Amino acid sequence: LTPDCRIELAPERKGVPPTIKLDGRYKFVDDMDKLGAIPSLIACTKLTVEGEIEFAPGVVIKGEVTIVNSSGSKQTVAAGTYENTKIEM
């Protein structure tokens, strides 16, 4: 994210964006604010989000990560590195 709020690929991605699949509640650009802090996706190949979540500052996603919140209430993904894993909340 640039200082003027544009999304740009990091040079390390070499022009290849990660595959991102977000829950339907995030289908509009205005809804992206509900996700909280912006996680690092530089080493991410695929991120899937199911359910209502928000990211704490300091989240790093690497490889293929799936986050599933079936609790019925918003849950926070804690700061840390998540690599090739499924997080169930």
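Along each chain, numbering runs from 1 in the same order as the chain's sequence is written. Whole-chain, interface and lining totals are the exception, using all residues; otherwise, since this is a predicted model, local features are given only for residues with pLDDT of at least 70 and side-chain atom pairs are given and counted only at 80 or more. Derived side-chain values reflect all non-hydrogen atoms in the structure, with water molecules and hydrogen atoms excluded from consideration.

Draft legend 1. Inspection of the overall build of the protein chain at higher detail. When helices and strands are tallied, the protein chain shows zero helices and six strands. Strands are runs of DSSP state E lasting at least 2 residues, helices are runs of H or I lasting at least 4, and numbering of each runs from the N terminus. Reading the protein chain from its N terminus to its C terminus gives the helix and strand order β-β-β-β-β-β. For the radius of gyration, the atom set is restricted to C-alpha positions; the globular benchmark scales as 2.2 Å times the number of residues to the power 0.38. A compact globule built from 89 residues would reach a C-alpha radius of gyration of about 12 Å, and the protein chain, at 13 Å, matches this within 12%. Its C-alpha atoms give the protein chain principal-axis dimensions of about 35 × 30 × 20 Å. With a 1.4 Å probe rolled over the protein chains alone, any residue whose accessible area is under 20% of its type maximum counts as buried; one over 50% counts as exposed, and the rest are partly exposed. Among the 89 residues that make up the protein chain, the fraction classed as buried is 28%. The contact definition used throughout considers only heavy atoms, calling two residues in contact when any of these lie within 4.5 Å. Taking the contacts inside the protein chain whose residues are at least 6 apart along the sequence as the reference set, 19% of them involve residues at least 24 apart. Method for areas: the Shrake-Rupley scheme with a 1.4 Å probe, in which residue coverage is limited to the protein chains shown. For the protein chain, the accessible surface area stands at approximately 5800 Å², while carbon and sulfur atoms represent 53% of it.

Draft legend 2. Quick peek at the pattern of salt bridges. A carboxyl oxygen of Asp or Glu within 4 Å of a side-chain nitrogen of Lys or Arg is what we treat as a salt bridge. Counted according to the given criterion, the structure contains four salt bridges. A salt bridge links R25 to D23; the nearest nitrogen and oxygen atoms lie 3.0 Å apart. Exposure remark for R25: the relative accessible area of 38% places this residue in the partly exposed category. E54 is paired through a salt bridge with K74; the nearest N and O atoms lie 3.8 Å apart. Remark: K74 occurs in the loop between β4 (59-68) and β5 (75-77) and E54 occurs in strand β3 (residues 53-55); sequence separation between them is 20 residues.

Draft legend 3. Fine view of the sheet that holds strand β2 (residues 40-50). One open sheet accounts for four strands, arranged β1-β2-β4-β6; its pairing is parallel. The two strands at the open ends of the sheet, each matched to only one other strand, are β1 (19-21) and β6 (80-88). Here the average twist between neighbouring strands, direction ignored, is 15°. Pairing between two strands requires that DSSP report at least two bridges joining them. Bridge count for β1 against β2 is three bridges, and the pairing is parallel. When the sheet's bridge partners are listed, T19 is paired in β2 with K46. Between N-to-C directions, angles span 0 to 180 degrees; the directions come from axes that are lines fitted to C-alpha atoms, helices contributing only their stretch in contact.

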